[in-house]
Amino acid sequence: EKAQREEEERLWFVRQEEERNRKEEENRNASVAEADLPVNNEPGMETEAIRLQREKQERLSREKQNKNIRAQYESNLLKLVAESERRNNISKFNKMKQISEGISVVEVMRSEAVRKAQQHFLTEQLKERQKQTLANKQVREQRLMMLIETTALIEREYKSNSLRPAVSAIALNYTPSPHIVITNADGIFMNVKSTIITWPGGTRVIFREKEYWWGKRYYYKDEAEIDAKTYNGELYRHKRS
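Small disclaimer: the values here were computed from a predicted structure and weren't measured.

### Some words on the sheet that holds strand 1 (residues 179-186)
Here's step 1: Spatially, the five strands line up as an open sheet ordered 1-2-3-4-5, and their pairing is antiparallel. Pairing within the sheet leaves two strands with one partner each, and these edge strands are strand 1 and strand 5 (224-226). Recorded for the sheet is a direction-independent mean angle of 20° between the axes of neighbouring strands.
Here's step 2: As judged from the three bridges shared by strand 4 (residues 217-221) and strand 5, these two strands associate in the antiparallel manner. Across the sheet, the residue bridging to Tyr220 is Glu225, located in strand 5.
Here's step 3: Sheet strands in contact with helix 3 (residues 228-240) are strand 1, strand 2 (190-198), strand 3 (204-212), strand 4 and strand 5, and its direction is about 145° off that of strand 3.

### Structural notes on the packing of aromatic side chains
Centre distance and the angle of the planes are the two values used to describe a pair of aromatic rings.
Here's step 1: Taken as a whole, this structure holds five aromatic pairs when the rule is applied.
Here's step 2: Seen from their ring centres, Phe207 and Tyr231 are 5.9 Å apart, and the 80° between their planes marks the pair as edge-to-face. Pair noted here: Phe207 is in strand 3 and Tyr231 is in helix 3, with a separation of 24 residues, a long-range link. Neither Phe207 nor Tyr231 differs from the other in exposure class; each is buried.
Here's step 3: With a centroid separation of 4.9 Å and 15° between ring planes, the pair formed by Tyr212 and Trp214 is classed as stacked.
Here's step 4: Take Trp214: its relative accessible area is 53%, and that puts it in the exposed class.
Here's step 5: We note Lys210 situated over the ring of Tyr220; from NZ or CZ to the ring centre the distance is 4.9 Å.

### A few points about the pairing of strand 3
Here's step 1: Taken together, the nine bridges between strand 2 and strand 3 define a ladder with antiparallel strand orientation. Note that in strand 3 the partner of Met190 across the bridge is Tyr212.
Here's step 2: A loop of five residues connects strand 2 with strand 3, the two strands running antiparallel in sequence, and Gly201 in this loop sits at a positive phi of about 105°.
Here's step 3: Both strand 3 and strand 4 contribute to a ladder of five bridges, which runs antiparallel. When the bridges of strand 4 are listed, Glu211 appears paired with Arg217.
Here's step 4: With antiparallel pairing between neighbouring strands as the criterion, strand 3 and strand 4 make up a hairpin whose turn holds four residues, including Gly215 at a positive phi of roughly 105°.

### Describing the pattern of salt bridges
Opposite charge on two side chains permits them to pair, given that their charged atoms come into close proximity.
Here's step 1: The final tally for this structure, using the stated rule, is 11 salt bridges.
Here's step 2: Notably, a salt bridge pairs Arg217 with Glu209, separated by 3.3 Å at the nearest N-O pair.
Here's step 3: Each of Glu48, Arg51 and Glu55 takes part in a single network of salt bridges with overlapping partners.

### Section: the pairing of strand 1
Here's step 1: As judged from the eight bridges shared by strand 1 and strand 2, these two strands associate in the antiparallel manner. Residue pairing for strand 2: Asp186 is matched across the bridge by Asn191.
Here's step 2: Here strand 1 hands over to strand 2 after three residues, the two strands then running antiparallel side by side.

Calculation notes
- Residues numbered from 1 in each chain as written.
- Predicted model: local features only at pLDDT ≥ 70, side-chain atom pairs only at ≥ 80, totals over all residues.
- Heavy atoms only, no water.
- Pairing = 2+ DSSP bridges.
- Helix = DSSP H or I, 4+ residues; strand = E, 2+ residues; numbered from the N terminus.
- Axes fitted to C-alpha atoms, helices over the stretch in contact; angles between N-to-C directions.
- Contact = heavy atoms within 4.5 Å.
- Phe/Tyr/Trp six-rings, centres within 6.5 Å; stacked < 30°, edge-to-face > 60°.
- Buried < 20%, exposed > 50% of the residue type's maximum accessible area, 1.4 Å probe, protein only.
- Lys NZ or Arg CZ within 6 Å of the ring centre and 35° of its normal.
- Salt bridge = Lys/Arg side-chain N within 4 Å of Asp/Glu carboxyl O.

Encoded structure:
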């Protein structure tokens, strides 16, 4: 399109130049024809002053004609420049419009990506909360199971003591052995090992070792947290007592 426009402008300039040359050639031919006319010295014929005046008038006429041609040429040139500028402005506007539309599409895609990321984050938070709720439920169930086991052991010891014969008045020299019950409760997040030691008369000590799936361990004696060294020492001492 640009090459075609430049070719049209060049052809227009060529036509204007040919038209101007043609008119100048016609004017020169007319001047030469008048100069070739015979000069008569008879009265009534054109004098030298009249000839000069006529040539002056012709020269002014040609200058005026050339000015008109030049003015027309400049006017057409300005029109071409204005048309070219208008087309350039339209092209720039279309490019800016395309860029603006592209930016709008990018903004929409970016907003959609942010929305999906937020939705994914909320979904993960909900899943984590559900896992935590399930873990808490399992912990409650494990504690309830341990409470039931402890109650059953106490009840069994109580019944066993009530069925024993009366103790002789003669003191016997012996040390009663403790009754040891070990249970393991496996959960999703942790494993609980309980060691319940009871003696005749209702004395009872409960040791618990909680191991979480990431490797962390906690030790308890009658629900009081202790370190590993104390746990092992106390557990060995009570088993030997």
